[in-house]
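# Survey of secondary and tertiary structure
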Amino acid sequence: MSNPHEDKKEGKKDLPRWGMVIDLDRCVGCHTCEIACKIENDVPLGIWRSWVKEIEKGRYPNVVRAFRPTLCNHCEDPICCKVCPVKAAWQREDGIVMVDPHLCVGCRYCMSACPYEVRYIHPLKGMIDKCDFCHNRVDAGLQPSCVEACPNSARIFGNLKDPESEVSRLIATRPVARLKPEMGTDPRVYYIGFDPATLEIKREAELIWEK
Amino acid sequence: MGKVVFDVHYQTTLAFLISYYFYCTGLSAGSFMISTMSYGFGMTKYKPASKMGVVAAVLLLLLAPQFLLMQVGWPIKSVWNHFVYFNPVSAMSYGAFLLMLYPLNSIIYGIFMFKGNMKLTKIFGLIGIPMALAVHGYTGWILALAVARDYWNTGLMPIVFLFSAMVSGVSMMILLIMIRDRFFTKEKVINKDLVVSLAKILGWLLVVDLFLVFCDYSVLLYSKLEGKEVAHFMLFGKMSFFFVVVENLIGKIIPMIIVMIPRTRNSYFWLTVAALMNMVGILAMRIVTVYGGQALPLM
Ligand code: SF4
Ligand code: SF4
């Protein structure tokens, strides 16, 4: 059968391309975005759609904490959509990567293919769930919940196609980094003041599956 | 460098059930290949193994998808959606078709074989070979196309999977033939010629398999951060007992030596030991690949 999402893509011209800039110079690691997301999207215990990874570097007195707010990157070339056998992972014309709960069968293939580990199995639904840029709010003209909740305006959300938007201005004028661009997924979440140490994979001693 | 204060851990994606699924399709593909050797390619020496091979292939392939269905969150929906919402760029999409067509073809092939219709047996046997390769090769592709994991994301993965499938299939056939001949025939004599030539095949398949593992790891150890890390994890870390000792030493190297030395190859006791060790080793290989490949966090 043809693309089940065809009808949802109606009227595609002049649509925005949503993206996010996270200014880590403003981030204080208060985890408010994390909580706002949990409340907004009713995310069950033990899983997160968006979270703030926090690391500590150096020795006293030269120490620092670095943060990395993490969420789905709403990639331009999302590997999750490519590998999904039933087209449940799909991308809207405005770039938001979605999961169709009517189609997802919970095979978890997308989970193992996403380089950012942002997808999880919803324990109650038995299918994939992840950040969707609060598409209900965005469609209603609001900001995503995490952006609105951030006390320091460290998260900035907007239209990447519009050169006048705040996100485009920041991307054009500030040094920005994206997570793992070498994965070829072309992520659309940009970081200002990014500390690559927050990306380093953990050594064996800290392996998750032993816990 | 830094010490992690807070991070969110992902859930294990593909778990043991998937390893068993890979193991069963592998055994099935391997035994199917043995069964086609006499009817498809006219190697009459292997004829006594044909019927047993096809029965084993069908039974295992009926068992294999059960593990898959236990793993997915929505088993019935998954069967339906796989056919209706076919995604041509996903390797997993093709699985549903292969898992239906291959057992069907094997059953038809088996029926003609039991009825003694040589011509049709040959035709369906030859159709079955690419299917058997595909039904197991695609599982290798599933892993290879998950670009996030360096351990899986290699072009060798489907080939490694094919060889380990044939290796374990041949081992299983050796065991089954010995059991059948010894306990379920009138003469109670094992067909030595057949078993020993299967053991020779097993030896050479193991040589290729070990070579592929060597290629894979030599490249991984020189590759990028995650690749290096995962290779160390397999060779010297928490997975080393399963990978080095169970999979490669017990599962491949010792059986290879046993079937390469004529003295032990001609001894039923040693052959049984070699085949059993190899079957355990390949099961360990499936678990190491599926579980170890995603054991390291990505970021
Ligand atoms: S970050 Fe992962 S889940 Fe999100 S679009 Fe990219 S590949 Fe898909
Ligand atoms: S878990 Fe759902 S969204 Fe992910 S690949 Fe499977 S069917 Fe697609």
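Bear in mind the structure is a predicted one, so any value in this text is a computation, not a measurement.

Definitions and cut-offs
- Residues numbered from 1 in each chain as written.
- Chains lettered and ligands numbered in written order.
- Predicted model: local features only at pLDDT ≥ 70, side-chain atom pairs only at ≥ 80, totals over all residues.
- Heavy atoms only, no water.
- Helix = DSSP H or I, 4+ residues; strand = E, 2+ residues; numbered from the N terminus.
- Rg over C-alpha atoms; globule rule 2.2 N^0.38 Å.
- Buried < 20%, exposed > 50% of the residue type's maximum accessible area, 1.4 Å probe, protein only.
- Contact = heavy atoms within 4.5 Å.
- Areas by Shrake-Rupley, 256 points an atom, 1.4 Å probe, with all protein chains shown as cover.
- Pairing = 2+ DSSP bridges.
- Buried area = accessible area lost by both parts, 1.4 Å probe.
- Salt bridge = Lys/Arg side-chain N within 4 Å of Asp/Glu carboxyl O.
- Polar contact = N/O pair within 3.5 Å; in protein donor to acceptor, adjacent residues only side chain to side chain.
- Near = heavy atom within 4 Å.
- Nonpolar A, V, L, I, M, F, W, Y, C, P; charged D, E, K, R; others polar.
- Phe/Tyr/Trp six-rings, centres within 6.5 Å; stacked < 30°, edge-to-face > 60°.
- Axes fitted to C-alpha atoms, helices over the stretch in contact; angles between N-to-C directions.
- 1 Å grid on protein atoms, 1.4 Å probe; cavity = no way out; pocket = protein on both sides within 12 Å on 5 of 7 lines; lining within 4 Å.
- Points joined across faces, edges and corners; volume = space filled by probe spheres on them.

### Overview of the overall build of chain B
The helix and strand tally for chain B stands at 11 helices and 1 strand. When the helices and strands of chain B are placed in sequence order, the string is β-α-α-α-α-α-α-α-α-α-α-α. Scaling as 2.2 N^0.38, a compact globule of 299 residues should have a C-alpha radius of gyration of about 19 Å, and chain B matches this with 20 Å. If you line up chain B on its principal axes, its C-alpha atoms span 70 × 50 × 30 Å. Buried positions account for 57% of the 299 residues belonging to chain B. Within chain B, counting contacts between residues at least 6 apart in sequence, those at least 24 apart form 74% of the total. Element-wise, carbon and sulfur atoms account for 76% of the exposed surface of chain B, whose accessible area totals about 12600 Å².

### Here's the deal with the pairing of strand E1 (residues 18-23) of chain A
Residues and elements named next belong to chain A. Burial analysis of E1 places 6 of its 6 residues in the buried class, which makes it a mostly covered element. What you see with E1 is no split at all: Trp 18, Met 20 and Ile 22 on one side and Gly 19, Val 21 and Asp 23 on the other are buried throughout. The sheet contact formed by E1 and strand E8 (residues 155-159) spans 5 bridges and is antiparallel. Directly across from Val 21, in E8, lies its bridge partner Ile 156. In the sheet, E1 pairs with strand E10 (residues 189-192) via 4 bridges, with the strands oriented parallel. When the bridges of E10 are listed, Ile 22 appears paired with Tyr 191.

### Things to note about the environment of Ile 254 of chain B
All names here are of chain B. Turning to its location among the elements, Ile 254 is positioned in helix H9 (residues 240-260). Put simply, Ile 254 and Cys 215 are 39 residues apart on the chain and 20 Å apart in space, counted from C-alpha to C-alpha. Setting aside anything within four residues of it in sequence, one finds Ile 254 in contact with Leu 249 and Met 277.

### Describing the interface of chain B and chain A
Every contact between the two is made by 51 residues of chain B and, on the other side, 61 residues of chain A. Taken together, the two surfaces of chain B and chain A that pack against each other cover about 5200 Å², and 62% of this comes from carbon and sulfur. Applying the counting rule to chain B against chain A returns 0 salt bridges. Our count for the chain B to chain A interface comes out at 18 residue pairs in polar contact (both at pLDDT 80 or more). Contributions of two or more residues to the side of chain B that touches chain A are made by strand E1 (3-6), helix H3 (75-84), helix H4 (91-115), helix H5 (118-144) and helix H8 (225-235) of chain B.

### Considerations on the site of ligand 1
Neighbouring ligand 1 are 13 residues, the closest being Cys 72, Asn 73, Cys 75, Cys 80 and Cys 114 of chain A. Here the shell around ligand 1 is built from residues that sort into 9 nonpolar, 2 polar and 2 charged.

### Quick word on the packing of aromatic side chains
All names here are of chain B. For the structure on display, the rule yields 17 aromatic pairs over all chains. On the numbers, 6.0 Å between centres and 70° between planes, the contact of Tyr 151 with Tyr 217 is edge-to-face. Here Tyr 151 is found in the loop between H5 and helix H6 (156-183), whereas its partner Tyr 217 is found in helix H7 (residues 192-221), with 66 residues between them in sequence. Classification of Tyr 151 by relative accessible area gives buried; the value is 4%. Aromatic side chains Phe 269 and Trp 270 sit 5.3 Å apart centroid to centroid with 70° between the ring planes, which places their arrangement in the edge-to-face category.

### Points about the sheet that holds strand E3 (residues 62-70) of chain A
Ordered by their spatial adjacency, 3 strands build an open sheet running E3(A)-E2(A)-E1(B), and the pairing between neighbours is antiparallel. Pairing within the sheet leaves two strands with one partner each, and these edge strands are E3 of chain A together with E1 of chain B. On average, adjacent strands in this sheet sit at an angle of 25° to one another, irrespective of strand direction. With 9 bridges joining them, strand E2 (residues 51-59) of chain A and E3 of chain A adopt antiparallel strand pairing. Directly across from Val 52 of chain A, in E3 of chain A, lies its bridge partner Pro 69 of chain A.

### What about the site of ligand 2?
Ligand 2 sits among 13 residues. The nearest are Cys 84, Cys 104, Cys 107, Arg 108 and Cys 110 of chain A. Residue composition of the shell around ligand 2, by class: 10 nonpolar, 1 polar and 2 charged.

### Brief notes about empty space enclosed by the protein
Residues and elements named next belong to chain A. In this structure the tally under the stated criterion is 7 cavities of 30 Å³ or more. Looking at the largest cavity, its volume works out to about 110 Å³. Along the wall of the largest cavity there are 15 residues; nearest its centre are Cys 27, Cys 30, Cys 33, Cys 150 and Ala 154.

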